[in-house]
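Analysis of the macromolecular model
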Amino acid sequence: MTPRPPSDESPKKIGAKNTAAAGKPTAEKAAAGKAAEAKPTVKKVTEGKPAVKKAAAGREAATKKTTAGKKSSAAKKALSARRTAKSVASDATKTSKKVPKNAARKVVTAVAKIPEPTVGESGPAIGETGPLLDESVPAVAESGPVLAGVDPSDRQRLLDGTHHNPHGVLGAHPVPGGVAFRAFRPYALGVTVVTDDLRAELRDDGDGFFSGLLPLRAVPESYRLLVAYEGTVLETEDAYRFLPTLGELDLYLLGEGRHEELWRALGAEPMEQQGVAGTRFTVWAPNARGVRLAGSFNFWDGTGYPMRSLGSSGVWELFVPAIGEGELYKFDITRPDGSRTLRADPMARRTEVPPDTSSIVHASHHVWQDAQWMAKRAARPAHEAPFSVYEVHLPSWRPGLTYRQLADQLPAYVADLGFTHVELMPVAEHPFGGSWGYQVTGFYAPTARLGAPDDFKHLVDALHRAGIGVLMDWVPAHFPRDDWALAEFDGRPLYEHADPLRADHPDWGTLEFDYGRREVRNFLVANATYWCEEFHIDGLRVDAVASMLYLDYSREPGQWTPNEHGGRENLDAVAFLQEMNATVYRRNPGIVTVAEESTAWDGVTRATHHVGPGGFGGLGFGLKWNMGWMHDSLDYMAHEPIHRKYHHNEMTFSMVYAYSENYVLPISHDEVVHGKRSLVSKMPGDWWQQRANLRAYLAFMWAHPGKQLLFMGQEFAQGAEWSEAHGPDWWLLDPAYGAEPDHRGVRDLVRDLNTAYRHEPALWERDTDPAGFTWIAGDAADDNVFAFLRHAADGTPLLAVSHLSPAVRHGYRLGVPEDIPAWHEILNTDTARYGGSDVTNPDPVKPEPQGWHGRPASIRLTLPPLATVWLRPA
């Protein structure tokens, strides 16, 4: 790989300089560019090729016939000259020896002046039988600068980085009198055109431009360039001879904002074009005056790599031969005001490890082994299936582990605890680790902190093979202002809204996307599809949906403008979310989208084509976080038991709206950081009571209608707040630690909750159906008791009773269905092995014909202190 620039000439600094100054390159620049194309695959100077003559005398000598078996004096001189050139060229190709200064130029010049042997020596003269050459055309030395050279206006635009069609100027083009070859190679000492039939040195026109008019009837199907720098001569394909790599359909879909596989059209794609291997670079920058490509392959100087604009699409494109995986690159964009900016690729599929910011050319080689998982995941919709989620911050779950090392540990741990899914945060690349991945700069690249994209695929694959679904946090609500990323990408608002009041996010100092611009919507919709299809992600947890839906979100009067109907709804964001959900569900059977939406917006999980009372179609999500339940229940649990009777409704109110959406009950990372304390530390009382409260709360949560989500570390009652700097306190589970049984007991409970949950359809089969839930005792505020039935699709019930008082209640009567002959306790959070006082109901409990709670039969239970018990028909 070509070495990076020295530390005092970082990519960022080099990209910020205007390297396209008028005049000849300086000696320093020439030295810096002497190996600008030195790739391992580039060929050195070849030998023995026919050449085009620069002088008329040479042309006449080459076209003169001789008798068979005789050699003319011109032929002898030609052979002598060829031997000399061959010797010099051979020396130039020895990379182990330093080539003397200007030797490269001498090689090219010598080859260009060799008279071609006549028919009697080794073959027909070029002028007589060559398939491309036209002997009526003037020789190269006679070509006029107007026909062969670069027009002054084109020349200046190329130097300034503002040319929209460099392919129309550079490369090979038919002109009156032959074919004009033009090359733009800053810092080169000489450029020679080589085909199977000829080679000719181009004239040095200054400022890195080279040109020549060759006597050809047509443009060769292929040709190469010998580019001489000080100390080396390189053979390479001409990037400006290739046709565009995007077709009309791609451009049409891009213009319509409907390219659902956008990552296949934009970004860096290693590929073969016209039989040549290289990489296609494309970027959407409609406001740019010009775009050039800079990277490790050209010492971060994009002067000689201008990209072409593809019509009115706003897309710029360049196919670069011999560039492949692992190369670093950015786009050097000339803004409308003439200034320049060096930007990472918005579509980059791989990035450098932060704080470095370059994009990396990537091609996936992962072979998926999760066919069984992918085939069965659509068998049952998520809201009618067991769905318990372990939320993981990947960099800190086990600090220092890579994706592949996590694949060896995380699936086994999650499977042992019985969770059905993991939710991973962060995944997409982000510059600041303290943002936990919620300020994204690389929307199409897994964070490089833990490995390459294929390494992340390996982790997903391993989780699937362990029977665990994978959700990822997805952040389409906003993006940071870093000047190398999306903010004013091409010099004007592009991904963000043009109205500063709409663009500025008041809470996070970031920028909101312009959901009304079809190309921006396309960028985000395709991104959602990309993660599901390329990485086999099973679901997207969409962050900060509320901030997208409301124009007045966190804004005061005068800081926002109503929509066209005078309302505060962001109609563009609504349309985007509907399109995203409809597209993702259509293309990826079995996936689920989950909205983190904290308001009472109507129809978050309603189908997009079903219009609600507010006049909007549903947003189309599969599930929604129940933020109300989370806040209310945690507030209740934080009170001392003696005061809980005054807050009883905080635990029951959720059932008023439990079936308005398809809900997830989230105890996420947001609830255990920034002074909110860990879950167990929120609980009142001494250490025993805190753990008892936590165990009772978790069992109440698992029995309540809705799916469950628990953040890492809370499964074993970590006492400290989570910090991304060090992750969970795993040492609490070290057998050498005295209180280890206390923490292990909570983890054992979580495992048993998940096991029982999976095996009891009553707890998940009718989560979104009111017929799946019945209160037994919802008003026992003085007793701090909550009792309810859950019902499976076949009617099989499960009785859940939470007693959130520290007293033991013997013979506590509860009304039950009369058709159940006996009840059996299947889970009790006060069991000794969980760390409880072991007050249980070990024997089957039979109903008595005494009416209670409005039912004809009842049972009497012993309610343990600060505990939840589950019973099912015996």
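Residues numbered from 1 in each chain as written. Predicted model: local features only at pLDDT ≥ 70, side-chain atom pairs only at ≥ 80, totals over all residues. Heavy atoms only, no water.

**Section: the overall build of the chain**
- The number of helices and strands found in the chain is 22 helices and 35 strands.
- A total of 874 residues make up the chain; the buried ones form 59% of that total.
- The contacts in the chain between residues at least 6 apart in sequence include a share of 74% that link residues at least 24 apart.
- Element-wise, carbon and sulfur atoms account for 52% of the exposed surface of the chain, whose accessible area totals about 33,000 Å². (Helix = DSSP H or I, 4+ residues; strand = E, 2+ residues; numbered from the N terminus. Buried < 20%, exposed > 50% of the residue type's maximum accessible area, 1.4 Å probe, protein only. Contact = heavy atoms within 4.5 Å. Areas by Shrake-Rupley, 256 points an atom, 1.4 Å probe, with all protein chains shown as cover.)

**Quick look at the side chain of Gln708**
- Its location among the elements puts Gln708 in strand β28 (residues 707-711).
- With relative accessibility at 0%, the residue Gln708 sits in the buried group.
- Reaching out from Gln708, the side chain makes a polar contact with the backbone oxygen of Trp702 at a distance of 3.5 Å.
- Within the structure, the side chain of Gln708 is placed 3.0 Å from the backbone oxygen of Gly706, a separation counted as a polar contact. (Polar contact = N/O pair within 3.5 Å; in protein donor to acceptor, adjacent residues only side chain to side chain.)

**Overview of the pattern of salt bridges**
- Applying the stated criterion to the full structure yields 47 salt bridges.
- Ionic pairing is found between Arg258 and Glu260, a salt bridge with its closest N-O pair at 3.0 Å.
- In this structure, the salt-bridge partner of Asp769 is Arg766, at a minimum N-O distance of 3.6 Å.
- For Arg766, a relative accessible area of 19% corresponds to the buried category.
- Connected through salt bridges with shared partners, the residues Arg258, Glu260, Glu261, Arg264, Arg521, Glu533, Glu534, Glu579, Arg586 and Arg587 form a single ionic network. (Salt bridge = Lys/Arg side-chain N within 4 Å of Asp/Glu carboxyl O.)

**Notes on the packing of aromatic side chains**
- The full count for this structure, using the stated rule, is 47 aromatic pairs.
- Relative to Phe419, the ring of Tyr390 has its centre 5.2 Å away and its plane inclined at 35 degrees; by these criteria the two rings are tilted. On the criterion of sequence distance, the pair formed by Tyr390 in strand β17 (residues 388-393) and Phe419 in the loop between α12 (403-417) and β18 (421-425) is long-range, its members being 29 residues apart. An identical accessibility class is assigned to Tyr390 and Phe419; each is buried.
- Directly above the ring of Trp730 sits Arg398, whose terminal nitrogen or CZ lies 4.0 Å from the centroid.
- Over the aromatic face of Phe535 sits the side chain of Lys457, whose NZ or CZ is 5.2 Å from the ring centroid. (Phe/Tyr/Trp six-rings, centres within 6.5 Å; stacked < 30°, edge-to-face > 60°. Lys NZ or Arg CZ within 6 Å of the ring centre and 35° of its normal.)

**With respect to the sheet that holds strand β4 (residues 199-201)**
- Judged by pairing direction, the sheet is antiparallel, and its four strands sit side by side in the order β4-β3-β7-β8 without closing on themselves. Edge positions in the sheet fall to β4 and β8 (232-237), since each has one partner strand and no second. With strand direction ignored, the average angle separating the axes of adjacent strands in the sheet is 20 degrees.
- Bridge count for strand β7 (residues 224-229) against β8 is six bridges, and the pairing is antiparallel. Counterpart to Tyr229 in the pairing with β8 is Thr232. (Pairing = 2+ DSSP bridges. Axes fitted to C-alpha atoms, helices over the stretch in contact; angles between N-to-C directions.)

**Let's talk about the confidence of the model for the chain**
- Within the chain, residue pLDDT values average 86, and 83% of them lie at 70 or more.
- Note on residues 1-145: pLDDT under 50 across the span, and 231 contacts to partners over four residues away in sequence or across chains. (pLDDT = per-residue confidence, 0-100.)

**Let's talk about the environment of Asp507**
- Within the fold, Asp507 resides in the loop between α14 (500-503) and β23 (511-512).
- When its relative accessible area of 40% is taken as the criterion, Asp507 is described as partly exposed.
- Measuring from C-alpha to C-alpha, the distance between Asp507 and Ser554 comes to 7.0 Å, with 47 residues separating the pair along the chain.
- Not counting residues up to four positions away in its chain, the partners in contact with Asp507 are Tyr553 and Ser554.

**Concerning unusual backbone geometry**
- With an omega of 15 degrees, the peptide bond between Pro354 and Pro355 qualifies as cis.
- Among the secondary structure elements, Pro355 is positioned in the loop between β15 (340-343) and β16 (359-360).
- For the bond from Met425 to Pro426, the omega torsion is -10 degrees, close enough to zero to count as cis.
- Along the chain, Pro426 falls in the loop between β18 and β19 (428-429).
- Residues other than glycine seldom take positive phi values, yet Ala322 does so here, at roughly 65 degrees.
- Looking at Ala322, the relative accessible area reads 29%, which means it is partly exposed.
- Its identity is not glycine, yet Ala544 carries a phi of approximately 55 degrees, on the positive side.
- Here Ala544 lies in the loop between β24 (539-542) and α16 (545-549).
- Look at Ala544 and you get buried, because its relative accessible area is 9%.

**As for the packing of α12 against helix α13 (residues 453-465)**
- Two elements in contact, α12 and α13, have axes whose closest approach is 8 Å; the angle formed by their N-to-C orientations is 10 degrees. Looking at the two axes, α12 sits roughly parallel to α13. Residues Tyr403, Arg404, Leu406, Ala407, Leu410 and Pro411 of α12 touch α13, and the partners they reach there are Asp454, Asp455, Phe456, His458, Leu459, Ala462 and Leu463.
- Across the contact of α12 with α13, the residue classes tally to nine nonpolar, one polar and three charged. (Parallel < 35°, antiparallel > 145°, perpendicular 65-115°, else oblique. Nonpolar A, V, L, I, M, F, W, Y, C, P; charged D, E, K, R; others polar.)

**Details of the environment of Glu256**
- Among the secondary structure elements, Glu256 is positioned in helix α9 (residues 248-256).
- Sequence separation of Glu256 and Asn522 is 266 residues, and the distance between their C-alpha atoms is 8.7 Å.

**Observations concerning the packing of α12 against helix α22 (residues 740-759)**
- Axis separation between α12 and α22 bottoms out at 7 Å; the angle between their running directions is 70 degrees. With respect to α22, the axis of α12 lies roughly perpendicular. The residues of α22 that touch α12, namely those facing Tyr413, Asp416 and Leu417, are Arg747, Val750, Arg751 and Asn754.
- Considering only residue class, the contact of α12 with α22 consists of three nonpolar, one polar and three charged.

**Here we look at the pairing of β18**
- With five of five residues buried, β18 is to be regarded as a mostly interior element.
- On β18, burial covers both faces: His421, Glu423 and Met425 on one face and Val422 and Leu424 on the other are all buried.
- When β17 meets β18, the two strands line up parallel, connected through five bridges. Along β18, the bridge assignment pairs His393 with Met425.

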